[in-house]
Amino acid sequence: MRFRFLFFFILFTFSERHISVFGSDNGEVAVLVGWVGERSDLWSSVFSEWKKDDVSACEWDYVECDEEGFVSGIDVRDVELSLPFPAGFASLQRLRSLVISGCNLSGEVPDGIGKFGALQVLDVSSNRLVGAIPAAIGRLRSLQELVLNSNQLTGRIPGEIGACVALRSLIVFDNYLSGELPMELGNLASLEVLRAGGNNDISGTIPSQIGNCPIKVPWRRNSWSRTLKGSLQQALT
């Protein structure tokens, strides 16, 4: 009797672990497949190694996984996708790096970006993204690199980005951004790279609070006056 109980306990434990690990991987496969949708042209070319019935995405092109088999990185560059921003990737709970650059992404960066809780790198540069930079990005407390350059983004740089306390690079040049740089950027104690050039409607003065940031690489020239003192002023000369 005890042997039978022990056997079923071990079987149940193994089955539970099997479901929790592989079931989660299969769910991630569904998320990735759902982004590509019914685009047969992409299935036969860019994503030809992505198989809808695979248990895991860890062997797929453009995908990286962590040691436990969860998707931790997506890196797609310079291929023609013509897809929207992958809002559904918010359910990839271990996703730390999302790079989709030069791929003709369209539409807006959704407010749901704030749900990408583990994200450390977001690079969707050189696409056709429109609309505003969502304030919800400020929820990404682990974000270290935010690269949005060379799109068609409009509106202000949201002050909420100042809550991204780990941010080291903020790159938004060559868009259609306007308004003043938010003083909240001065809260970014790790910010080393700030590039906002090519946004002709950015105006006003550089907030003195940004002098608190250890910026090493300045932004390209803009049409605002330069009144900042400190290390950044030296970098601009």
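Residues numbered from 1 in each chain as written. Predicted model: local features only at pLDDT ≥ 70, side-chain atom pairs only at ≥ 80, totals over all residues. Heavy atoms only, no water.

The protein chain has the name Disease resistance R13L4/SHOC-2-like LRR domain-containing protein in an unreviewed UniProt entry, where Kalanchoe fedtschenkoi is given as its organism. Check the Subcellular location (unreviewed entry) section of the UniProt entry for the protein chain; it says "Membrane". (UniProt positions renumbered as here; feature names shortened; annotations may be inferred.)

Caption draft 1: Region of the structure containing the nonpolar core. With 61 residues, the main nonpolar core has Leu32, Leu81, Leu98, Phe116 and Ile161 as its most contacted residues. Those elements that provide at least two residues to this core are α1 (2-36), α2 (40-43), β2 (71-77) and β3 (97-101). Of all the elements, α1 adds the most residues to this core, at five residues. Ignoring anything within four residues of it in the chain, the contact list for Ile161 reads Ile133, Ile137, Leu146, Leu167, Leu170, Leu185 and Leu188. (Core = buried A, V, L, I, M, F, W, Y, C linked by side-chain atoms within 4.5 Å. Buried < 20%, exposed > 50% of the residue type's maximum accessible area, 1.4 Å probe, protein only. Helix = DSSP H or I, 4+ residues; strand = E, 2+ residues; numbered from the N terminus. Contact = heavy atoms within 4.5 Å.)

Caption draft 2: Fine view of the pattern of salt bridges. Evaluation of the coordinates by the stated rule reveals four salt bridges. Its salt-bridge partner being Asp41, residue Arg39 comes within 2.8 Å of it at the nearest N-O pair. Of the residues examined, Arg39 reaches a relative accessible area of 24% and is grouped as partly exposed. The class for Asp41 is partly exposed, based on a relative accessible area of 39%. For Glu68, the salt bridge identified is with Arg94, shortest N-O distance 2.9 Å. On the criterion of sequence distance, the pair formed by Glu68 in the loop between β1 (63-65) and β2 and Arg94 in the loop between β2 and β3 is long-range, its members being 26 residues apart. (Salt bridge = Lys/Arg side-chain N within 4 Å of Asp/Glu carboxyl O.)

Caption draft 3: A look at the sheet that holds β3. If you walk across this open sheet you meet the seven strands as β1-β2-β3-β5-β7-β9-β11, and the pairing is mixed. This sheet does not close on itself; its edge strands, each paired only once, are β1 and β11 (193-195). Pairwise comparison of adjacent strand axes, ignoring direction, gives a mean angle of 10° for this sheet. Sheet analysis places β1 next to β2, joined by three bridges and oriented antiparallel. What sits directly across from Glu64, in β2, is Gly73. (Pairing = 2+ DSSP bridges. Axes fitted to C-alpha atoms, helices over the stretch in contact; angles between N-to-C directions.)

Caption draft 4: View of the pairing of strand β6 (residues 128-132). By the bridge criterion, three bridges tie strand β4 (residues 106-108) to β6 in an arrangement that is parallel. Across the sheet, residue Glu108 finds its bridge partner in β6, namely Val130. Bridging between β6 and strand β8 (residues 152-155) involves three bridges; their strand directions are parallel. Along β8, the bridge assignment pairs Ala132 with Thr154.

Caption draft 5: Representation of the side chain of Asn104 within the structure. In this fold, Asn104 is placed in the loop between β3 and β4. Residue classification places Asn104 among the buried positions, given a relative accessible area of 18%. Among the polar contacts made by the side chain of Asn104, one reaches the side chain of Ser82 at a distance of 3.1 Å. A polar contact of 2.4 Å, which involves the side chain of Asn104, links it to the side chain of Arg128. Apart from the residues within four sequence positions on either side, Asn104 is in contact with Glu80, Ser82, Leu83, Asn127 and Arg128. (Polar contact = N/O pair within 3.5 Å; in protein donor to acceptor, adjacent residues only side chain to side chain.)

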